[in-house]
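Coordinate inspection notes
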Amino acid sequence: MRSEDLTARARIRDAALAEFGARGVSGTTIRGVAQRAGVSPGLVQHHFGTKDGLRAACDAHVLEYIRAETRSGLDEGNIGEPAFIAEVYASSPPVMRYLARALADGSPGAAAVFDELVDLTERYLVDSPGLSDARTRAIVYTSMRLGALVLHGHVSRQLGVDLLGPEGASRVGLATLDVVAPELLPDGLAARVRDALARYEQGEGR
């Protein structure tokens, strides 16, 4: 496939993320995605076939984004770096807006994302002490984090800033660390994230 085809495909997928995130499945059309992407409806159908094909591509992109950021942040240790925080704040809003709407709509793709997030979270809680098993803690923690995302309109209204913007995300990140007992997280993780957020707020990594 030619490089310009790959570029068009990515542009269409990003437009679909935005359309699905703003309008939901019922309100999103091939024509609307094409208009946002600046291409013809025929080109959208050439790359993705149907609206279901677009949705499947968006679901796959969201899953890969979460996997990649988890690898970089936790497995490779970048979560304690302000530059990593800045990169996430810059790249995540369209993905998170799509996921919020997909979770509210109850899509199969959103269910797969939820399940994967539970699996990823369980990996990092398995050695932590608690009154419940690691799987149950992972389910509850994932529900708490994604619940704020689904309710982002209300959360943003109360915060006075967009939850998915840098200021809102930083405030919610710090509040989450205040609410979650540090001993439930992997050793030293809470302190590293606090330090990275504080340095980010001071302008480092931007």
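Relevant structure appears above.
Right, let's walk through the structure included here. (Residues numbered from 1 in each chain as written. Predicted model: local features only at pLDDT ≥ 70, side-chain atom pairs only at ≥ 80, totals over all residues. Heavy atoms only, no water.)

On to the overall build of the protein chain, then. From N to C terminus, the protein chain includes eleven helices and zero strands. Moving toward the C terminus, one meets the helices and strands of the protein chain in the order α-α-α-α-α-α-α-α-α-α-α. The C-alpha atoms of the protein chain give a radius of gyration of 18 Å, which matches the 17 Å a tight globule of 206 residues would have. Judged by the C-alpha coordinates and their principal axes, the protein chain covers about 55 × 40 × 35 Å. (Helix = DSSP H or I, 4+ residues; strand = E, 2+ residues; numbered from the N terminus. Rg over C-alpha atoms; globule rule 2.2 N^0.38 Å.)

Evaluated as defined, the whole model comprises two cavities of 30 Å³ or more. If you add up the space inside the largest cavity, you get close to 1400 Å³. Every residue lining the largest cavity is counted, 40 residues in all, and those nearest its centre are I79, V88, L117, Y141 and R145. Of all elements in the fold, only helix 4 (51–75), helix 5 (82–91), helix 6 (93–105), helix 7 (108–125), helix 8 (134–150), helix 10 (166–179) and helix 11 (189–201) reach the threshold of two or more residues within the lining of the largest cavity. Residues belonging to the lining of the largest cavity are distributed by class as follows: 30 nonpolar, eight polar and two charged. Volume-wise, the second largest cavity comes out at about 50 Å³. Every residue along the wall of the second largest cavity is listed here: F20, G24, V25, R55, Y98, R101, A102, D105 and S107. Counting residues per element, the ones that place at least two in the lining of the second largest cavity are helix 1 (3–27) and helix 6. A per-class count over the lining of the second largest cavity returns four nonpolar, two polar and three charged. (1 Å grid on protein atoms, 1.4 Å probe; cavity = no way out; pocket = protein on both sides within 12 Å on 5 of 7 lines; lining within 4 Å. Points joined across faces, edges and corners; volume = space filled by probe spheres on them. Nonpolar A, V, L, I, M, F, W, Y, C, P; charged D, E, K, R; others polar.)

Pairs can form between side chains of opposite charge once their charged atoms are near each other. Applying the stated criterion to the full structure yields 15 salt bridges. Close ionic contact of D14 with R13 constitutes a salt bridge, the shortest N to O distance being 2.8 Å. Between D195 and R199 there is a salt bridge; the shortest N-O distance is 2.9 Å. Residue D195 and its partner R199 are located together in helix 11, separated by four residues, close to a single helical turn. A single salt-bridge network, built from bridges that share partners, covers E81, D195, R199 and E204. (Salt bridge = Lys/Arg side-chain N within 4 Å of Asp/Glu carboxyl O.)

What helix 2 (residues 30–37) keeps buried is the set I30, G32, V33, A34 and A37. Following helix 2 by one or two positions, G38 has its phi on the positive side, about 75 degrees. (Buried < 20%, exposed > 50% of the residue type's maximum accessible area, 1.4 Å probe, protein only.)

Examined against the element boundaries, V150 turns out to sit in helix 8. Since its relative accessible area comes to 35%, V150 is described here as partly exposed. When sequence neighbours within four positions are dropped, the list of residues in contact with V150 reads A100, L103 and A104. (Contact = heavy atoms within 4.5 Å.)

The next thing to look at is the side chain of T121. Here T121 lies in helix 7. Overall, the relative accessible area of 17% leaves T121 in the buried class. Within the local environment of T121, its side chain forms a polar contact with the side chain of T142, the two groups lying 3.5 Å apart. Setting aside its immediate chain neighbours within four residues, T121 contacts A138, Y141 and T142. (Polar contact = N/O pair within 3.5 Å; in protein donor to acceptor, adjacent residues only side chain to side chain.)

What follows concerns the packing of helix 10 against helix 11. At a closest axis distance of 10 Å, the pairing of helix 10 and helix 11 adopts a crossing angle of 150 degrees. The angle between helix 10 and helix 11 places the two elements in the roughly antiparallel class. Crossing hand, helix 10 versus helix 11: left-handed. Facing P166, S170, G173, L174, L177 and D178 of helix 10, the residues of helix 11 in contact are A190, V193, R194, L197, Y200 and E201. Residues belonging to the contact of helix 10 with helix 11 are distributed by class as follows: seven nonpolar, two polar and three charged. (Axes fitted to C-alpha atoms, helices over the stretch in contact; angles between N-to-C directions. Parallel < 35°, antiparallel > 145°, perpendicular 65-115°, else oblique. Left-handed = near helix turned anticlockwise from the far one by under 90°.)

Attention now goes to helix 8. Spanning 17 residues, helix 8 covers 24 Å between terminal C-alpha atoms, matching the ideal 24 Å at 1.5 Å per step. Among all positions of helix 8, only A134, R137, A138, T142, L146 and L149 are buried. Projected onto a plane normal to the axis of helix 8, the buried residues spread over an arc of 150 degrees and lie on a single side. Of the surrounding elements, those touching the buried residues of helix 8 are helix 6, helix 7 and helix 9 (152–159). (Expected span 1.5 Å × (residues − 1). Arc of directions from axis to C-beta.)

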